[in-house]
Amino acid sequence: MRFAVISDIHANLEALEAVLEDIDDQNVDEIICLGDVVGYGANPNECLELVKSRCSVILLGNHDAAAIEMLSTQHFNIHAKIAIEWTSQSLKKENKAFLSELPLKSEKSSMTLVHATPYEPNMWYYITSLEEAAFNFQFFNSPVCLVGHTHIPIIIVLEENKELYVHQDTIISLNDLSGARLLINVGSVGQPRDRNAKSCYGIFDEYTGTFTYRRVVYNIDKTQAKMKKIKMPDFLINRLEDGR
Ligand code: ZN
């Protein structure tokens, strides 16, 4: 099977549409969404409905949980809080009900899928160091674990001899690394934070054991204009063009 894996769309419809269009050219069997479909952007309902219609697996993200009051926003920064309040008021009842049913974690073929961390996914921890990655490798058994949450694409390799390192390329083949396992952050469709404003997602091809990042240009001006209209904080609007 060949999978497209998207995450952290954050109600950015222009980004999601551009990514789906790119995916349509990639000959994939299924699309997987690792969560945070809503929060920050101006189109939570449209994004959720599109994800629902296109994805075979959809996981719950922390912003999704906060938008339906399953998670308190006490640990959110002020900008995220404002966005969640607006999102919560804007989401249709049936879309809230849909979000409330989403799982935190899933296993599919050779992949473990989770929004935040394989260890206690309901705690919304972040993997921002090799130490945290090493710890999390203990909590999945599959060859590959795909995560989102930090909005920063990264591939961490655990070799059979226990050597742990960050892979320095945007493509990796498991077939070249016998016995290795991978922890991969697929990056963010709707709010990339790795100083690259283009939408980010990944393709995992089980036949070849290859994971590849793809970056996609979208109409940032249009997204920003919509966010302005609904009075989202400037910080959230400006960060899109800088990819931070
Ligand atoms: Zn997110």
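What this report covers is the structure whose coordinates are included nearby. (Residues numbered from 1 in each chain as written. Predicted model: local features only at pLDDT ≥ 70, side-chain atom pairs only at ≥ 80, totals over all residues. Heavy atoms only, no water.)

Here's the deal with the overall build of the protein chain
Regarding its fold elements, the protein chain presents 8 helices and 12 strands. Relative to the globule expectation of 18 Å for 244 residues, the C-alpha radius of gyration of the protein chain, 17 Å, shows essentially globular dimensions. C-alpha extents for the protein chain along the principal axes are approximately 50 × 35 × 30 Å. Here the protein chain, with 244 residues, has 55% of them falling under the buried criterion. Counted over contacts in the protein chain with a minimum sequence separation of 6, partners at least 24 positions apart contribute 71%. A total of about 10800 Å² of accessible surface is found on the protein chain, and carbon and sulfur atoms cover 48% of it. Of the side-chain charges in the protein chain, 23 are positive and 33 negative, and the distance between the mean point of each set is 7 Å. (Helix = DSSP H or I, 4+ residues; strand = E, 2+ residues; numbered from the N terminus. Rg over C-alpha atoms; globule rule 2.2 N^0.38 Å. Buried < 20%, exposed > 50% of the residue type's maximum accessible area, 1.4 Å probe, protein only. Contact = heavy atoms within 4.5 Å. Areas by Shrake-Rupley, 256 points an atom, 1.4 Å probe, with all protein chains shown as cover. Lys, Arg positive; Asp, Glu negative; His and termini not counted. Charge placed at Lys NZ, Arg CZ, Asp CG, Glu CD.)

Quick notes on the sheet that holds strand E1 (residues 2-6)
With respect to topology, 6 strands assemble into an open sheet ordered E3-E2-E1-E11-E12-E9, the strand pairing being mixed. Unpaired on one side and paired on the other, strand E3 (57-58) and strand E9 (171-173) mark the two borders of the sheet. Two strands pair when backbone bridges link them, and strand E2 (residues 30-33) and E3 are joined in this way by 2 bridges, in the parallel orientation. Of the residues in E3, the one forming a bridge with Ile 32 is Val 57. (Pairing = 2+ DSSP bridges.)

Considering the sheet that holds strand E4 (residues 105-108)
Whenever strands of a sheet pair, they do so through backbone hydrogen bonds, lying parallel or antiparallel. Taken in spatial order, the 6 strands line up as E4-E5-E6-E10-E7-E8 in an open sheet, and their pairing is mixed. The strands lining the two open edges of the sheet, one partner per strand, are E4 and strand E8 (164-166). In this sheet, neighbouring strand axes are inclined to one another by 15° on average, regardless of whether the strands run parallel or antiparallel. (Axes fitted to C-alpha atoms, helices over the stretch in contact; angles between N-to-C directions.)

Focus on the coordination of the zinc ion
For the zinc ion, the full set of protein donor atoms is Asp 8 (OD), His 10 (NE2), Asp 36 (OD) and His 151 (NE2), and the range of their distances to it is 2.0 to 2.4 Å. Between the 4 donor atoms coordinating the zinc ion, the angles at the centre fall across 86 to 178°, so the site counts as irregular. (Donors = N, O, S within 2.8 Å, 3.2 Å for Na, K, Ca; no water. Tetrahedral: all angles 85-135°; square planar, octahedral: opposite > 155°, others 65-115°.)

What about the pattern of salt bridges?
Tallying each qualifying case throughout the model produces 8 salt bridges. Among the salt bridges present, the one from Arg 214 reaches Asp 22, with a minimum N-O distance of 2.6 Å. Of the two residues, Arg 214 sits in strand E12 (residues 210-216) while Asp 22 sits in helix H1 (residues 13-23), which places them 192 residues apart along the sequence. Assessed through its relative accessible area of 28%, Arg 214 is described here as partly exposed. For Glu 49, the salt bridge identified is with Lys 92, shortest N-O distance 3.0 Å. Of this pair, Glu 49 sits in helix H2 (residues 44-54) while Lys 92 sits in the loop between helix H4 (78-90) and helix H5 (93-100), placing them 43 residues apart in sequence. Residue classification places Lys 92 among the partly exposed residues on the basis of a relative accessible area of 36%. (Salt bridge = Lys/Arg side-chain N within 4 Å of Asp/Glu carboxyl O.)

Things to note about the packing of helix H7 (residues 220-229) against helix H8 (residues 234-242)
Orientation of H7 relative to H8, taken along the N-to-C sense of each, is 175°, at an axis distance of 9 Å. The angle between the axes of H7 and H8 places the two elements in the roughly antiparallel class. Along the contact surface, H7 presents Ile 220, Thr 223, Gln 224, Met 227 and Lys 228, while H8 presents Leu 236, Ile 237, Asn 238, Leu 240 and Glu 241. Its residues assigned to classes, the contact of H7 with H8 shows 5 nonpolar, 3 polar and 2 charged. (Parallel < 35°, antiparallel > 145°, perpendicular 65-115°, else oblique. Nonpolar A, V, L, I, M, F, W, Y, C, P; charged D, E, K, R; others polar.)

Description of the packing of H2 against H5
Helices that pack against each other are described as a pair by the angle of their axes relative to one another and the distance between those axes. In contact at an axis separation of 11 Å, H2 and H5 are set at 55° when each is read in the N-to-C sense. Here H2 lies oblique to H5, going by the angle between them. You can see that H2 and H5 cross each other, and the crossing is left-handed. Only Asn 95, Phe 98 and Leu 99 of H5 make contact with H2, whose side of the interface consists of Asn 45, Leu 48, Glu 49 and Lys 52. (Left-handed = near helix turned anticlockwise from the far one by under 90°.)

Quick look at H4
Here H4 contains 13 residues, and its C-alpha end-to-end distance of 19 Å stays within 8% of the 18 Å for a straight helix at 1.5 Å per residue. Within H4 the residues assigned to the buried category are Ala 80, Ala 83, Ile 84, Thr 87 and Ser 88. Down the axis of H4, the smallest arc covering the buried residues is 135°, so these residues share one side. Opposite its buried face, H4 presents the exposed residues Ile 78, Glu 85 and Gln 89, each directed more than 90 degrees away. Elements that come into contact with the buried residues of H4 comprise H2, helix H3 (62-67), H5 and H8. At the N-terminal end of H4, a side-chain oxygen is found 3.0 Å from the backbone nitrogen of His 79, two or three residues along, and the residue is Asn 77. (Expected span 1.5 Å × (residues − 1). Arc of directions from axis to C-beta. Polar contact = N/O pair within 3.5 Å; in protein donor to acceptor, adjacent residues only side chain to side chain.)

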